[in-house]
Amino acid sequence: MQVSVRDLQRRSPRDMPDSPTPRLDCDCLLGMILHKPRSWLAAHDDELLTAPQLAAYEACTARRRTGLPVAYITGHKEFFGLDFAVTQDVLIPKPDTELLAEQAIAAISEYTRRGGVRGAGSIRIADICTGSGCIVISVLSRFSAQCGIKAAASDISPAAIETARQNARRLVPQHDIAFITGSLLDWNEPRQTFDIILSNPPYVPSHTARQLLADGRGEPLLALDGGTDGLTVIRKLIPQAAASLAGGGFFLIETGEYNSAETAALLSQAGFISVTTYTDLGGMPRVIRAQKP
Ligand code: GLN
């Protein structure tokens, strides 16, 4: 029996019963298999699949039923209007994290306006725990290469760094990013100073991280697990960021809604000023900006 795009769309809630978005998942998977944009499917839902295409689709829905997100099946996730390649070595970029990219862009503009820069074209940013590179790449995508922003991106995972490097090459080829495999800012010796430091570190309490992964989402525990209270990595990163920032420079960090207040307190204790918390689209405290005096 011949099966059409529409047939698969109709039966998607049965094919992917645990998915909150079966129809969308179906369209993303079909887009990949048919090599068409999702918009094409709407006008071609009577298109019939070949037997190999149907077999490929069924293999994908079987993987989806294990809990694996569509992004890991297609190998792509849109973030900040850009198409990022993702593997299971990196977290899937989340909409909440777009707030960090937006605030980073605002901070760079503010820093440049205030004249905190050592001459035009020498602003330096670092993205710590870069993963797919989604934060630093999104930020750079809004500045022309002539701005001369120098960026460094680091991650403890060599496989993550490779993914980030490939994303940068494809999405912001004209920009200069140094990719570094290393833990937090341990690699920054002899110390270079940065004007802006960004990070979405692992901040989920170990117990919660393990619970989250029980649904088969397949994200790297390393990227989520922030120790017993979720603050182990943040506690180490804050003094390193303070030591690596130029005076007047900004540190922007994503946190959990459950440890945002404590992170803000740690930042103040470490001597940061103007500690400001920003809430995400769901109204949760998500990003903190702090300034080095
Ligand atoms: N909550 C975010 C995610 O699931 C980030 C988690 C983290 O520890 N950085 O992607």
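What you see is a predicted model; the values in this text were computed from it and never measured.

Chemist: Sorry, what's going on with the overall build of the chain here?
Modeler: Scanning the chain for helices and strands turns up 12 helices and 9 strands. Its C-alpha radius of gyration of 21 Å places the chain within 12% of the 19 Å reference for a compact globule of 293 residues. Partitioning the contacts of the chain with sequence separation of at least 6, the portion at a separation of at least 24 is 69%. A total of about 13100 Å² of accessible surface is found on the chain, and carbon and sulfur atoms cover 54% of it.

Chemist: How do you make sense of the site of the ligand when you look at a structure like this?
Modeler: In the vicinity of the ligand, the contacting residues are Leu 91, Lys 94, Asn 200, Pro 201, Pro 202, Tyr 203, Val 204, Ala 223, Leu 224 and Glu 254. At a separation of 2.8 Å, a nitrogen atom of the ligand approaches a polar backbone atom of Pro 201. Bound to the protein, the ligand loses 87% of the 290 Å² it would expose on its own. Here the shell around the ligand is built from residues that sort into 7 nonpolar, 1 polar and 2 charged.

Chemist: How do you make sense of the sheet that holds strand 3 (residues 124–128) when you look at a structure like this?
Modeler: By definition, the strands of a sheet pair up through backbone hydrogen bonds, in either a parallel or an antiparallel sense. Taken in spatial order, the 7 strands line up as 5-4-3-6-7-9-8 in an open sheet, and their pairing is mixed. Two strands close off the open sheet at either side, each with one partner strand: strand 5 (176–181) and strand 8 (273–279). Across this sheet, the average inter-strand angle for adjacent strands is 15°, counted without regard to direction. With 5 bridges joining them, strand 3 and strand 4 (residues 150–155) adopt parallel strand pairing. From the neighbouring strand, Ile 125 faces strand 4, where its bridge partner is Ala 151. Helix 11 (residues 232–244) contacts strand 3, strand 6 (194–199) and strand 7 (245–254) of the sheet and is inclined by roughly 155° relative to strand 7.

Chemist: Help me understand the nonpolar core in this model?
Modeler: Nonpolar side chains in soluble globular proteins tend to end up buried together. Counting residues in each nonpolar core, the largest one holds 37 residues, and the members touching the most others are Ile 125, Ile 137, Val 139, Ile 177 and Ile 196. At the level of elements, strand 2 (82–85), helix 6 (98–113), helix 7 (134–141), strand 4, helix 8 (158–171), strand 5, strand 6 and strand 7 are the ones that each hand at least two residues to this core. Not counting residues up to four positions away in its chain, the partners in contact with Val 139 are Ala 101, Ala 104, Ile 105, Ile 108, Ile 125 and Leu 198. Core analysis: the second largest hydrophobic core is formed by 31 residues, Ala 126, Ile 238, Phe 251 and Ile 253 among them.

Chemist: Even after reading the chapter, I still don't get the pairing of strand 1 (residues 76–79), so can you show me in this structure?
Modeler: Within a regular strand, side chains alternate between the sheet's two faces. Relative to strand 2, strand 1 runs antiparallel, the two sharing 4 bridges. For Phe 79, the partnering residue across the bridge sits in strand 2 and is Leu 82. Linking two consecutive strands that pair antiparallel, namely strand 1 and strand 2, is a turn of 2 residues; a positive phi of about 55° is found at Phe 80 within it.

Chemist: I'm lost on the state of the cysteines in this one. Help?
Modeler: Under the counting rule described, the total for this entry stands at 0 disulfides. Unpaired in this structure, Cys 26 has its nearest cysteine sulfur neighbour in Cys 28, at a distance of 9.2 Å. According to the relative accessible area criterion, Cys 26 is buried, its value standing at 0%.

Chemist: Whenever I open this one, the packing of helix 2 (residues 22–34) against helix 4 (residues 51–65) confuses me. Can you help?
Modeler: It is the contact of helix 2 with helix 4, at a shortest axis distance of 10 Å, that shows an interaxial angle of 140°. Considered as vectors, helix 2 and helix 4 are oriented oblique to each other. In this structure, helix 2 meets helix 4 at a crossing whose hand is right-handed. Residues Asp 25, Cys 26, Leu 29, Leu 30, Met 32, Ile 33 and Leu 34 of helix 2 lie in contact with helix 4, whose contacting residues are Gln 53, Ala 56, Tyr 57, Cys 60, Thr 61 and Arg 64.

Chemist: Would you explain the packing of helix 1 (residues 5–15) against helix 4 in this entry?
Modeler: Working note: a packed helix pair is described by the angle between its axes plus the distance between those axes. Following both chains from N to C, one finds helix 1 and helix 4 inclined at 30°, their axes separated by 11 Å at the closest point. One element, helix 1, and the other, helix 4, form an angle in the roughly parallel class. When you trace helix 1 past helix 4, the crossing you get is right-handed. For the pair helix 1 and helix 4, contact is made by Leu 8, Arg 11 and Asp 15 and by Leu 54, Tyr 57, Glu 58, Thr 61 and Arg 65, respectively. When the residues that make up the contact of helix 1 with helix 4 are grouped by side-chain class, the tally is 3 nonpolar, 1 polar and 4 charged.

Chemist: Teacher, can you tell me more about the environment of Arg 23 here?
Modeler: In this structure, Arg 23 sits in helix 2. A relative accessible area of 43% means that Arg 23 is categorised as partly exposed. Considering only alpha carbons, one finds Arg 23 and Arg 10, 13 residues apart in sequence, at a separation of 7.8 Å. Not counting residues up to four positions away in its chain, the partners in contact with Arg 23 are Gln 9 and Ser 12.

About the cut-offs
- Residues numbered from 1 in each chain as written.
- Predicted model: local features only at pLDDT ≥ 70, side-chain atom pairs only at ≥ 80, totals over all residues.
- Heavy atoms only, no water.
- Helix = DSSP H or I, 4+ residues; strand = E, 2+ residues; numbered from the N terminus.
- Rg over C-alpha atoms; globule rule 2.2 N^0.38 Å.
- Contact = heavy atoms within 4.5 Å.
- Areas by Shrake-Rupley, 256 points an atom, 1.4 Å probe, with all protein chains shown as cover.
- Near = heavy atom within 4 Å.
- Polar contact = N/O pair within 3.5 Å; in protein donor to acceptor, adjacent residues only side chain to side chain.
- Nonpolar A, V, L, I, M, F, W, Y, C, P; charged D, E, K, R; others polar.
- Pairing = 2+ DSSP bridges.
- Axes fitted to C-alpha atoms, helices over the stretch in contact; angles between N-to-C directions.
- Core = buried A, V, L, I, M, F, W, Y, C linked by side-chain atoms within 4.5 Å.
- Buried < 20%, exposed > 50% of the residue type's maximum accessible area, 1.4 Å probe, protein only.
- Disulfide = S-S within 2.5 Å.
- Parallel < 35°, antiparallel > 145°, perpendicular 65-115°, else oblique.
- Left-handed = near helix turned anticlockwise from the far one by under 90°.

It is worth stressing that arrangement in space is one thing and function is another; only the former is reported here.
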